[in-house]
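Here is how the chains run, residue by residue.
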Amino acid sequence: MTSIRNIMILTGAGVSAESGIDTFRDSGGLWEKHRVEDVATPEAFARDPELVLRFYDMRRAAIQTKQPNAAHAALARLEAEWPERVPGGTVTLVTQNVDDLHDRAGSRNLIHMHGEHLNAWCTACDERVPWRAPLLDRPACPACGVPALRPDIVWFGEMPYRMEDIYGALREADLFVSIGTSGAVYPAAGLVRGARDVGARTLELNLEPSQGSAWFDEARHGPATQVVPAWVEEMLSGG
Ligand code: BJW
């Protein structure tokens, strides 16, 4: 454990499940109720913008009623306290989640690789603006005045955000931890192999084995609100 200095953590929908936010691929998850091709591609938005905007307006409103859970809190605590345990050590949190629960729990070295529900992106002037209200009524962009705002969400076929920063942090990582993700969506699902290539240890914390489980040195299975705080406590106590 003492040889670990830099930690990279990848989170997915499972970390927010116990806050009451639907996952995508579990039974009862979002993709059982909505076809991916109808709501999460640029082609879907071009074909039926009202359907897509309504889907995201509903989810943007819903996340504002949810609260961070013990797993989000534990990861924020790890980021704050890790440099006291290992001087110069860093914790980089990369989330696929588009909710703001890591932000609200206090994580700061945080990358939202698939975008954020609480931003809107203007396709006319390319500005990203904080946004909490519906988009269905096509409001004007506060920056340029054109009614061309879309959800600031990375849809299938679009490039995830800040990949250079993510690969940069991965190259420096001594430990890679994947939490609450099915390992079904790339390039996020490939990060564990990148971590192995640079010699980092790899750990999966998930409710059940993910699609990429075989790539991890170690896996611990259970609800995020239990396994994540327990792991963080272990790291900070030097276990
Ligand atoms: C718990 C729990 C609890 C439950 N405690 N755990 C063929 C092969 C390979 C790749 C491709 C391919 N065809 C197309 C592609 C590329 C495509 C892709 O990966 N497709 C796959 C489906 C095959 N990827 C893309 O298009 C991406 N862009 C891209 O590749 O650009 C080119 C590029 C090239 C080179 C470098 C870089 C880029 C973009 C992907 C965008 C994904 N967007 C979404 C939708 C966002 C919109 C929205 O929110 O509506 O992001 S998809 C959706 O899946 C969302 C999530 O972030 C993402 C990952 O899901 P996640 O988080 O893993 O959730 P689940 O539900 O799958 O899993 C939850 C897990 O939690 C489960 O394991 C549970 O067991 C567990 N769990 N409760 C702990 N209490």
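Definitions and cut-offs
- Residues numbered from 1 in each chain as written.
- Predicted model: local features only at pLDDT ≥ 70, side-chain atom pairs only at ≥ 80, totals over all residues.
- Heavy atoms only, no water.
- UniProt positions renumbered as here; feature names shortened; annotations may be inferred.
- Domains from an automatic or database assignment.
- Contact = heavy atoms within 4.5 Å.
- Buried area = accessible area lost by both parts, 1.4 Å probe.
- Salt bridge = Lys/Arg side-chain N within 4 Å of Asp/Glu carboxyl O.
- Polar contact = N/O pair within 3.5 Å; in protein donor to acceptor, adjacent residues only side chain to side chain.
- Nonpolar A, V, L, I, M, F, W, Y, C, P; charged D, E, K, R; others polar.

Going by an unreviewed UniProt entry, the protein carries the name NAD-dependent protein deacylase and comes from Novosphingobium colocasiae. Annotation of the protein in UniProt includes, under Sequence similarities (unreviewed entry), the sentence "Belongs to the sirtuin family. Class III subfamily." Quoted verbatim from the Subcellular location (unreviewed entry) field of the UniProt record, the comment on the protein reads "Cytoplasm".

Peer 1: Let's hear about the domain arrangement of the protein: which residues, and what values?
Peer 2: Where the parts come together, the accessible area they lose is often given as the size of the interface. Under the domain assignment used here, the protein contains domain 1 (6-20 + 68-114 + 159-237) and domain 2 (22-65 + 119-153). Listed as interface residues are 14 residues of domain 1 and, on the opposing side, 13 residues of domain 2. Interface of domain 1 and domain 2: buried area, both sides summed, is about 880 Å²; carbon and sulfur atoms make up 55% of it. Contact with domain 2 buries surface across domain 1, with Ala13, Val98 and Tyr161 losing the most and accounting together for 42% of the total. Summed over the shared surface of domain 1 and domain 2, the number is zero salt bridges. For the interface between domain 1 and domain 2, the tally reads three residue pairs in polar contact (both at pLDDT 80 or more). Its residues placed into classes, the side of domain 1 that touches domain 2 shows six nonpolar, four polar and four charged.

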